[in-house]
Amino acid sequence: VWNSPSLAIMTAHLQILFLACRATASTATSVVNERHKGTLLSIALTKLNSADYADGVALASAYRYITNFTFWLPLMIALSLALGGGVVPAFGLWIIGVLVTLLSCYSGVQISATSKDSQQANQRALSKPLFTLCGLPLIFPLGGFIALMTWIAHPFGALDLAIFGFDSPLGGASHFLAWKGWTLIFVAIYAVCIVDTRRRAISSLERARLL
């Protein structure tokens, strides 16, 4: 159990929110900038297809953020151990951060492909992660307390389970519902979300205005 749970969870949530906003913004102007420079048509006429372009932009940006985030992993583990939380919360934060970064980078590509200009792309790149991470939890009480999967599918919910969950599902229903291992379900859910967002980004690129 964390000695300072409120501070720990707030810091972890802010890290995920920061990653989501920065990662989305890093790719949100990729297509509109190419269109503004007049090079989007040239790219479309080469052998580089929409899937290659989406993967190239998203993964290149994600690599930078994931590398920087991983650099701080030993410190996160040390802090988690110092606070009595063990290594699970630190690795949970890292895994969630990596998945959120990948999803956000592909989401940024989709935003860019469907935006008229850089201003609109930047506005959407800020509002979308803010709504997803901060807005959706406001409606969780309508069903989230009953439908556990609703919480697990959200990065903050998965993170809370990784930090405050029990180490074992044994010991009754209450222990099982607060099992730290539920975070692994989030990995599966977000893997599907990343694949779907990549597909939608590619589809948006194929329909994007070239000039």
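Data block above holds the structure.
Report follows, based on the coordinates. (Residues numbered from 1 in each chain as written. Predicted model: local features only at pLDDT ≥ 70, side-chain atom pairs only at ≥ 80, totals over all residues. Heavy atoms only, no water.)

## Re the packing of helix α6 (residues 88-113) against helix α9 (residues 155-164)
(1) Moving on: Across the interface, α6 lies against α9 with an axial gap of 8 Å and an inter-helix angle of 165 degrees. With respect to α9, the axis of α6 lies roughly antiparallel. Where α6 crosses over α9, the two elements pack in a sense that is right-handed. Together, V88, P89, G92, L93, I96 and V100 of α6 and P155, A158, L159, A162 and I163 of α9 make up the contact between the two elements. (Axes fitted to C-alpha atoms, helices over the stretch in contact; angles between N-to-C directions. Helix = DSSP H or I, 4+ residues; strand = E, 2+ residues; numbered from the N terminus. Parallel < 35°, antiparallel > 145°, perpendicular 65-115°, else oblique. Left-handed = near helix turned anticlockwise from the far one by under 90°. Contact = heavy atoms within 4.5 Å.)

## Describing helix α4 (residues 50-71)
(1) Moving on: Taking 1.5 Å of rise per residue, 22 residues should cover 32 Å, and α4 covers 32 Å from first to last C-alpha, within 8% of that figure.
(2) Moving on: For α4, the set of buried residues is S50, Y53, A54, D55, A58, S61, A62, Y65, I66 and F69.
(3) Moving on: Where α4 begins, one side-chain oxygen reaches toward the backbone nitrogen of A51, 3.2 Å away; that side chain belongs to N49. (Expected span 1.5 Å × (residues − 1). Buried < 20%, exposed > 50% of the residue type's maximum accessible area, 1.4 Å probe, protein only. Polar contact = N/O pair within 3.5 Å; in protein donor to acceptor, adjacent residues only side chain to side chain.)

## Some words on the layout of surface pockets
(1) Moving on: Estimates place the volume of the second largest pocket at around 280 Å³.
(2) Moving on: Taken together, 16 residues line the second largest pocket, and the ones lying closest to its centre are L103, S107, K128, T132 and Y190.
(3) Moving on: Of all the secondary structure elements, the ones that give two or more residues to the lining of the second largest pocket are α1 (5-27), α6, α7 (118-135) and α11 (183-206).
(4) Moving on: Among the elements that line the lining of the second largest pocket, the one with the most residues is α11, at five residues.
(5) Moving on: Here the residues of the lining of the second largest pocket are counted per class, giving eight nonpolar, five polar and three charged. (1 Å grid on protein atoms, 1.4 Å probe; cavity = no way out; pocket = protein on both sides within 12 Å on 5 of 7 lines; lining within 4 Å. Points joined across faces, edges and corners; volume = space filled by probe spheres on them. Nonpolar A, V, L, I, M, F, W, Y, C, P; charged D, E, K, R; others polar.)

Keep in mind these values describe shape, not function.
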